Amino acid sequence: VRLDLESQRDEDTTTTDGRAITLSSNIEFIDEIAFVQNSGAKGVGLYRTEFLLLDGEEMPGELEQSEAYTRLAKALAPHPVIIRTLDAGGDKLPVEPLTEPEPNPFLGWRGIRVSLDRPGMFKEQLRAILRASAHGKLAVMFPLVSGLGEVRRAKNYLKECMDELAHQGVPFDEMLETGVMIEVPSAAIIADLIAPEVDFFSIGTNDLIQYTVAVDRVNHHVAELYRPTHPAVVRLIKQTVNAAVNAGIWTGVCGEMAGDIRLTPLMLGLGVEELSVGPHQVPRVRRAIRALSHSECVAMADEALKTPLSPEIMNATVGLARKYY
Ligand code: PEP
Ligand code: MG
């Protein structure tokens, strides 16, 4: 099976009835470039830049970051690389020692909130991304957005950085695509308000599930309640896709749901256009996409949207998966 999967590396990720899905890869370290290339993924759908923090106490400076992003951009061009701005905090490393521990880190100082509170650091990262954007196809994406104000503030900083670099004569991609992660229920619910102001959505299902069903994603006592096919999660994904379609932008999924081939029929059926998965998951997800009929997935998802219990929705998507792979 392994050899067979590898031999499909260069095959299109298109369903049997001709719907093209972008299959890209998630990475945490620049050194994973080779895995991404070998997997045949079409670029990077999520680069978790908070892992730059592991090497040192602070985020590397603008030029050092820009070198790392440039390596990625060059290695994967012409495919896009979506760089997520720092998502420190929560269960991840803090960006700086906290003066006092947070009672609820997942509801606290993490993601875009940290960046907006530390504009100096945020702008260094944005300028680093912009500098690297001259060397390939980059996009930027903001994590843990909960409202439109955050998107506008983040975009204002990006605009300021563009003006600064232009003033210095530093080349960058003026059309740099800007997206937001949809991983907080409030963002999914107002996706129609956010969509006109961005170029794409990437659904972070790991956090979206946790916040929707109020189940800590790393607490095994409540793991049983952490359900990717909870009807509320399925509805939020559908609502997000609908808002994106109405605004003419695309929706991807970069959480763990994207790499679970039991759920590929559901993801495709809900209208997701991009799946970003770990490099090792790429071959299986490719095979799943190529085996499925999009129209059959849509019919199943439409039924799933009327189905009241998560195990039933799971059964429906697993049923289609079993039929074809
Ligand atoms: C997610 O929340 O689904 C996601 C992709 O981001 P992270 O896992 O890094 O929080
Ligand atoms: Mg997340």
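It should be emphasised that the depicted structure is a prediction, and the values quoted were computed from it without experimental measurement.

Asks: In this structure, what is going on with the site of ligand 1? I would like to understand it.
Replies: The full set of residues close to ligand 1 is Leu46, Arg48, Asp87, Glu183, Gly204, Thr205, Asn206, Asp207, Cys254 and Gly255. Contributions of two or more residues to the shell around ligand 1 are made by strand S2 (44-48) and helix H9 (205-212). Ranked by residues supplied to the shell around ligand 1, first place goes to H9 with 3 residues.

Asks: So what exactly am I meant to see when it comes to helix H10 (residues 231-247) here?
Replies: Every α-helix carries 3.6 residues per turn, so stepping three or four residues along brings you back to the same face. Its 17 residues give H10 an end-to-end C-alpha distance of 24 Å, which sits within 8% of 24 Å, the value for a rise of 1.5 Å per residue. The positive-phi residue at the C-terminal boundary of H10 is Gly248, with phi of around 75°.

Asks: Help me out: how do you make sense of the packing of helix H5 (residues 119-132) against helix H6 (residues 148-168) in this one?
Replies: The relative placement of two packed helices comes down to the angle between their axes together with the axis-to-axis distance. Their axes nearest at 9 Å, the elements H5 and H6 cross at an angle of 60°. The angle between H5 and H6 falls in the class oblique. At the point where H5 passes H6, the crossing takes the right-handed sense. Touching Pro119, Phe122, Lys123, Leu126, Arg127 and Leu130 of H5 are Tyr157, Leu158, Glu160, Cys161, Met162, Glu164 and Leu165, all from H6. Residues belonging to the contact of H5 with H6 are distributed by class as follows: 9 nonpolar, no polar and 4 charged.

Asks: What should I look at first to understand the environment of Ser276 in this one?
Replies: With respect to the helices and strands, the residue Ser276 is situated in strand S8 (residues 274-277). Sequence separation of Ser276 and Ile129 is 147 residues, and the distance between their C-alpha atoms is 20 Å. Excluding residues within four positions of it along the chain, Ser276 makes contact with Ser24, Ser25, Asn26, Gly45, Leu46, Gly252, Cys254 and Ala258.

Asks: Got a minute to help me understand the confidence of the model for the protein chain in this structure?
Replies: Note: predicted coordinates in regions of low pLDDT should not be interpreted at a detailed level. Per-residue confidence for the protein chain gives a mean pLDDT of 95; residues scoring 70 or more make up 97%. For this predicted complex, the interface confidence score (ipTM) comes to 0.99, while the overall pTM stands at 0.96.

Asks: How should the sheet that holds strand S6 (residues 200-203) be read in this particular structure?
Replies: Ordered in space as S1-S2-S3-S4-S5-S6-S7-S8, the 8 strands form a closed barrel in which the pairing is parallel. Recorded for the sheet is a direction-independent mean angle of 25° between the axes of neighbouring strands. Relative to strand S5 (residues 177-182), strand S4 (residues 137-142) is paired through 4 bridges, and the arrangement is parallel. Bridge assignment links Met141 to a residue of S5, and that residue is Gly179.

Asks: Please explain the nonpolar core as it appears in this structure.
Replies: Here is a general trend for soluble globular proteins: nonpolar side chains tend to be buried in one another's company. Core analysis: the largest hydrophobic core is formed by 81 residues, its most contacted members being Val180 and Met267. Leave out the neighbours within four places in its chain, and Met267 touches Val253, Met257, Ala258, Val272 and Leu275. In this structure, Leu52, Leu86, Ala88 and Val114 belong to the second largest nonpolar core, which totals 6 residues.

Asks: It is not clear to me how the packing of helix H13 (residues 294-304) against helix H14 (residues 310-324) should be interpreted in this structure. Could you clarify?
Replies: Here H13 crosses H14 at 170°, and the two axes come no closer than 10 Å. What the angle tells us is that H13 and H14 run roughly antiparallel. Across the interface between the two elements, Glu296, Cys297, Met300, Glu303 and Ala304 from H13 touch Ile313, Ala316, Thr317 and Leu320 from H14. Residue composition of the contact of H13 with H14, grouped by class: 6 nonpolar, 1 polar and 2 charged.

Criteria and thresholds
Residues numbered from 1 in each chain as written. Chains lettered and ligands numbered in written order. Predicted model: local features only at pLDDT ≥ 70, side-chain atom pairs only at ≥ 80, totals over all residues. Near = placed C-beta within 6 Å. Helix = DSSP H or I, 4+ residues; strand = E, 2+ residues; numbered from the N terminus. Expected span 1.5 Å × (residues − 1). Axes fitted to C-alpha atoms, helices over the stretch in contact; angles between N-to-C directions. Parallel < 35°, antiparallel > 145°, perpendicular 65-115°, else oblique. Left-handed = near helix turned anticlockwise from the far one by under 90°. Contact = placed C-beta atoms within 7 Å. Nonpolar A, V, L, I, M, F, W, Y, C, P; charged D, E, K, R; others polar. pLDDT = per-residue confidence, 0-100. Pairing = 2+ DSSP bridges. Core = buried A, V, L, I, M, F, W, Y, C linked by C-beta atoms within 7 Å. Buried ≥ 20, exposed ≤ 12 C-beta atoms within 10 Å, placed from the backbone.

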